[in-house]
Amino acid sequence: MSSTPQVSVLHYHRLSKLLDVKFADGQQCQLSAEFLRVFSPSAEVRGHGKPVLVSHKKAVAILQIVPVGQYAVKLVFDDGHQTGLYSWAYLAKLAAGQHELWADYLERLKQANSNREVQLSIKQIS
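No experiment lies behind these values; they were computed from the predicted model shown. (Residues numbered from 1 in each chain as written. Predicted model: local features only at pLDDT ≥ 70, side-chain atom pairs only at ≥ 80, totals over all residues. Heavy atoms only, no water.)

1. A word on the pairing of strand 2 (residues 18-23)
Point 1. Where strand 1 (residues 7-13) lies against strand 2, six bridges are found, and the strand directions are antiparallel. Its bridge partner being in strand 2, L10 is matched across the sheet by V21.
Point 2. Between the antiparallel neighbours strand 1 and strand 2 lie four residues, among them K17 with a positive phi of about 60 degrees.
Point 3. One ladder, built from five bridges, connects strand 2 with strand 3 (residues 28-32); its direction is antiparallel. Looking at the pairing, L19 lines up with L31 of strand 3.
Point 4. Following strand 2, the chain reverses through four residues before pairing antiparallel with strand 3; G26 in that reversal takes a positive phi of roughly 100 degrees. (Pairing = 2+ DSSP bridges. Helix = DSSP H or I, 4+ residues; strand = E, 2+ residues; numbered from the N terminus.)

If you want it as structure tokens, here you go:
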């Protein structure tokens, strides 16, 4: 018995910013681009053991899905983030714990006095 479900289909909906993930065993889920971005498996976000709270990503979108062998994908986000490799095992973990992870994330944002909304970027023009 394989402990890691294999992903059979990934389909990104650009308008709703949702990624459909279908596993070979028949399980399926939808994960938002925002959810995938704030739970990126990259060292930048995971913080080498001390996770960094990523905020202000409500409007983030996925620009590209790049296959990595037969076991993962690299997601390229429109905020420039592209260093996380989303293995099939990690996608299955996110899918299984999606509701609890999201509730915990919202609570951590609240505790940090932060939010999901996009920050306005202001540049000085000389």
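2. Regarding helix 3 (residues 88-111)
Point 1. For helix 3, the principal kink sits at Q98 and spans about 75 degrees.
Point 2. Considered for burial, the residues of helix 3 that qualify are W88, Y90, L91, A92, L94, G97, Q98, Y105 and L109.
Point 3. Two residues or fewer past helix 3, N113 is found with a positive phi of approximately 55 degrees. (Bend = angle between axes of the 7 residues up to and from the residue. Buried < 20%, exposed > 50% of the residue type's maximum accessible area, 1.4 Å probe, protein only.)

Everything listed here is a matter of coordinates, which is why it stays silent on function.
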